[in-house]
Amino acid sequence: MRTNCKKCDNLLVDGTGPRISKILILTSYPDFEDQRAGVLLSGSKSVLGMMAYELGLVGLQLSSIRYISLWKHSKNEKCQLDWHIDQSMSEIKGKTHVLVMGSDASKALFEKNSGDLSGLLMTHKLFPKVTFVIAPGPSEIYNSNVGELRLALTRFSSTIRK
């Protein structure tokens, strides 16, 4: 059964993938189909296929990675982002590697757009043992060159293998 946001009453969208995974992908917000279905990557076969394919190119399996969004429902200017950030921070605890996809997620953690940080390895003062890599969001990839994503995924994969 789906729950409602405690701040604005919108229906929440659940993450996907094993909660015990040490690897996390944090996107900015669910797309329309995910919002309707209530689970990330459930409705949009194009995003699911693209992510599975691109991760496979660098030797990672989407099914073994926890996949969440910063916004737990469609982006809503009336809702307070702080609650959503807190939910994401609780998911980051215990992870070793986090791929941050999209500008909203990048701004929330590092105060800069994903385009300014794409492909970079980052650290966060609250999570000194976690390696973060920044990448463009799924919607940004369709509007530009997929090369930025591949660069970020290659770096992300190489840090996992160390």
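Residues numbered from 1 in each chain as written. Predicted model: local features only at pLDDT ≥ 70, side-chain atom pairs only at ≥ 80, totals over all residues. Heavy atoms only, no water.

## What about the pattern of salt bridges?
If charged atoms from side chains of opposite charge come close, those side chains can pair.
Stage number 1. Scanning all chains against the criterion turns up four salt bridges.
Stage number 2. Linking Arg19 and Glu91 is a salt bridge whose minimum nitrogen-to-oxygen distance equals 3.3 Å. Residue Arg19 is located in the segment before β1 (23-27), and its partner Glu91 is located in helix α3 (residues 81-92); the two are separated by 72 residues in the primary sequence.
Stage number 3. Classification of Arg19 by relative accessible area gives exposed; the value is 59%.
Stage number 4. Owing to a relative accessible area of 15%, Glu91 belongs among the buried residues under this scheme.
Stage number 5. A salt bridge links Glu91 to Arg66; the shortest N-O distance between them is 2.9 Å. With Glu91 in helix α3 and Arg66 in strand β2 (residues 66-69), this residue pair connects regions lying 25 residues apart in the sequence.
Stage number 6. Since its relative accessible area comes to 3%, Arg66 is described here as buried.
Stage number 7. Here the salt bridges share partners, and the residues they tie into one network are Arg19, Arg66 and Glu91. (Salt bridge = Lys/Arg side-chain N within 4 Å of Asp/Glu carboxyl O. Helix = DSSP H or I, 4+ residues; strand = E, 2+ residues; numbered from the N terminus. Buried < 20%, exposed > 50% of the residue type's maximum accessible area, 1.4 Å probe, protein only.)

## Considering the side chain of Ser28
Stage number 1. Mapped onto the secondary structure, Ser28 falls in the loop between β1 and α1 (32-37).
Stage number 2. By relative accessible area, which is 7% here, Ser28 ends up buried.
Stage number 3. Within polar-contact distance, the side chain of Ser28 engages the backbone nitrogen of Ala105 at 3.0 Å.
Stage number 4. Discounting residues that sit within four places of it in the chain, Ser28 has contacts with Ser69, Leu70, Trp71, Met101, Gly102, Ser103, Asp104 and Ala105. (Polar contact = N/O pair within 3.5 Å; in protein donor to acceptor, adjacent residues only side chain to side chain. Contact = heavy atoms within 4.5 Å.)

## Topic: the environment of Val47
Stage number 1. Within the secondary structure layout, Val47 lies in helix α2 (residues 45-57).
Stage number 2. Sequence separation of Val47 and Pro138 is 91 residues, and the distance between their C-alpha atoms is 6.8 Å.

## Re the sheet that holds strand β4 (residues 121-124)
Stage number 1. Here five strands make up an open sheet; going across it, the order is β2-β1-β3-β5-β4 and the pairing mixed. Strands at the two margins of the open sheet, each flanked by one partner only, are β2 and β4. Across the sheet, the mean angle from the axis of one strand to that of its neighbour is 30°, orientation sign disregarded.
Stage number 2. As paired strands, strand β3 (residues 97-101) and strand β5 (residues 127-135) are joined by five bridges and run parallel to one another. Bridge assignment links Val100 to a residue of β5, and that residue is Ile134. (Pairing = 2+ DSSP bridges. Axes fitted to C-alpha atoms, helices over the stretch in contact; angles between N-to-C directions.)

## What about the pairing of β1?
Stage number 1. Of all five residues in β1, five are buried, a share of seventy percent or more.
Stage number 2. Burial along β1 is two-sided: Ile23, Ile25 and Thr27 facing one way and Leu24 and Leu26 facing the other are all buried.
Stage number 3. Taken together, the four bridges between β1 and β3 define a ladder with parallel strand orientation. For Leu24, the partnering residue across the bridge sits in β3 and is Val98.
Stage number 4. Relative to β2, β1 runs parallel, the two being bridged by four bridges. When the sheet's bridge partners are listed, Leu24 is paired in β2 with Arg66.

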